[in-house]
Amino acid sequence: MAVMILGELCNFAAYAFVEAIVVTPLGALSVVICAILSSIFLKEKLTFFGWLGCGLCIIGSVIIALNGPSEQTVGEIREFQKLFLAPGFLVWGSILIATSLVIVIFFAPKCVSTRSGKLRDT
């Protein structure tokens with residue numbers, strides 16, 4: 001869990017130094033890489049179409065990252081801090097956190113049984 005959190009923080013920090021067109025497809029490959037690694041190390045079954053899908057995702061991400069349009073990057077941490085503290089981002093972050101708390105506090109207990117962890121029929 002700690003490694004996953006560290007990876008997501010590094011993925012977030014990468015947006016400060018590289019164009020989003022490069023970071024986004026490569027960051028999304030974490031799910032594909034986890035599927036491949038679980039197939040190898042945990043002996044999970046990955047069908048032919050699963051392997052094909054993983055391969056196509058990797059190829060597509062590399063093609064997008066190599067051929068994407070150039071954007072102006074944020075060159076310094078001070079510029080990134082200014083963008084991070086912009087009112088639009090702060091409002092968006094506040095709405096996101098508030099919505100998440102409402103879902104966790106009010107809706108999740110109504111939909112999930114506490115003993116089995118299964119969804120209830122509501």
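I will try to describe carefully the structure that is included in this document.

About the criteria used
Each chain has its residues counted from 1, following the order in which its sequence is written. Side-chain atom pairs in this predicted model are given and counted only at pLDDT of 80 or more, local residue features only at pLDDT of at least 70, and totals for whole chains, interfaces and linings cover all residues. Only hydrogens and water are set aside; all other atoms, that is, all heavy atoms of the structure, feed into the side-chain values. A run of DSSP states H or I qualifies as a helix once it reaches four residues; a run of E qualifies as a strand once it reaches two. Both are numbered from the N-terminal end. For each residue, the accessible area found with a 1.4 Å probe, counting protein chains only, is set against the maximum for its type, and the residue is called buried under 20%, exposed over 50%, and partly exposed in between. Should any heavy atoms of two residues lie within 4.5 Å, those residues are counted as being in contact. Surface exposure here means Shrake-Rupley accessible area, sampled with a 1.4 Å probe, where a residue is shielded only by the protein chains that are shown. Ring pairs shown here join Phe, Tyr and Trp side chains whose ring centres sit within 6.5 Å, with only the six-membered ring taken for Trp; geometry is labelled stacked below 30 degrees between planes, edge-to-face above 60, and tilted in between. Helices are assigned an expected span. That span is 1.5 Å times one less than the residue count. What the arc covers is the set of directions going from the helix axis to the C-beta atoms. Between the N-to-C directions of two axes lies an angle of 0 to 180 degrees, each axis being a line fitted to C-alpha atoms and, for a helix, fitted only over the stretch in contact. Any angle from 65 to 115 degrees is called roughly perpendicular, while one under 35 is roughly parallel, one over 145 is roughly antiparallel, and all others are oblique. Here a crossing is called left-handed whenever its near helix is offset anticlockwise from the far helix by less than a right angle, and right-handed whenever the offset is clockwise. Amino acids are sorted into nonpolar (Ala, Val, Leu, Ile, Met, Phe, Trp, Tyr, Cys and Pro), charged (Asp, Glu, Lys and Arg) and polar (every other residue, Gly among them).

Counting secondary structure elements, the chain contains 5 helices and 0 strands. Along the chain, from the amino end to the carboxyl end, the secondary structure elements read α-α-α-α-α. Burial status across the chain gives 11% buried among its 122 residues. In the chain, the share of contacts with a sequence separation of at least 24, taken over all contacts with a separation of at least 6, comes to 44%. A total of about 10,000 Å² of accessible surface is found on the chain, and carbon and sulfur atoms cover 73% of it.

Aromatic ring pairs are described here by two measures, namely the spacing of the ring centres and the angle between the planes. One pass over the structure, following the stated rule, counts 2 aromatic pairs. Both rings, one in phenylalanine 89 and one in tryptophan 92, keep their centres 5.6 Å apart while their planes meet at 40°; by these two values the pair is tilted. Note that phenylalanine 89 and tryptophan 92 are positioned in helix 5 (residues 87–111) at a spacing of 3 residues, about one turn of the helix. Given the relative accessible area of 29%, phenylalanine 89 is considered partly exposed.

In this structure, lysine 43 is a non-glycine residue whose phi angle is positive, near 60°. Along the polypeptide, lysine 43 turns up in the loop between helix 2 (20–41) and helix 3 (48–67). Since its relative accessible area comes to 64%, lysine 43 is described here as exposed.

All right, on to helix 3 then. With 20 residues, helix 3 extends 28 Å from end C-alpha to end C-alpha; this agrees with the ideal 28 Å at 1.5 Å per step. The complete set of buried residues in helix 3 reads Cys54, Ser61 and Ala65. Buried residues of helix 3 fall within an arc of 35° about the axis and therefore sit on the same side. Exposed side chains of helix 3 directed beyond 90 degrees from the buried face belong to Phe48, Phe49, Leu56, Leu66 and Asn67. Contact partners of the buried residues in helix 3: helix 2.

Two numbers describe how helix 2 lies on helix 3: the axes approach to 9 Å, and their chain directions differ by 160°. When the interaxial angle is binned, helix 2 and helix 3 end up roughly antiparallel. For the pair helix 2 and helix 3, the crossing hand works out as left-handed. Each of Ile21, Val22, Pro25, Leu29, Val32, Ala35, Ile36 and Ser39 in helix 2 lies in contact with helix 3, whose residues at this interface are Trp51, Cys54, Cys57, Ile58, Ser61, Ile64 and Ala65. The class makeup of the residues in the contact of helix 2 with helix 3 is 13 nonpolar, 2 polar and no charged.

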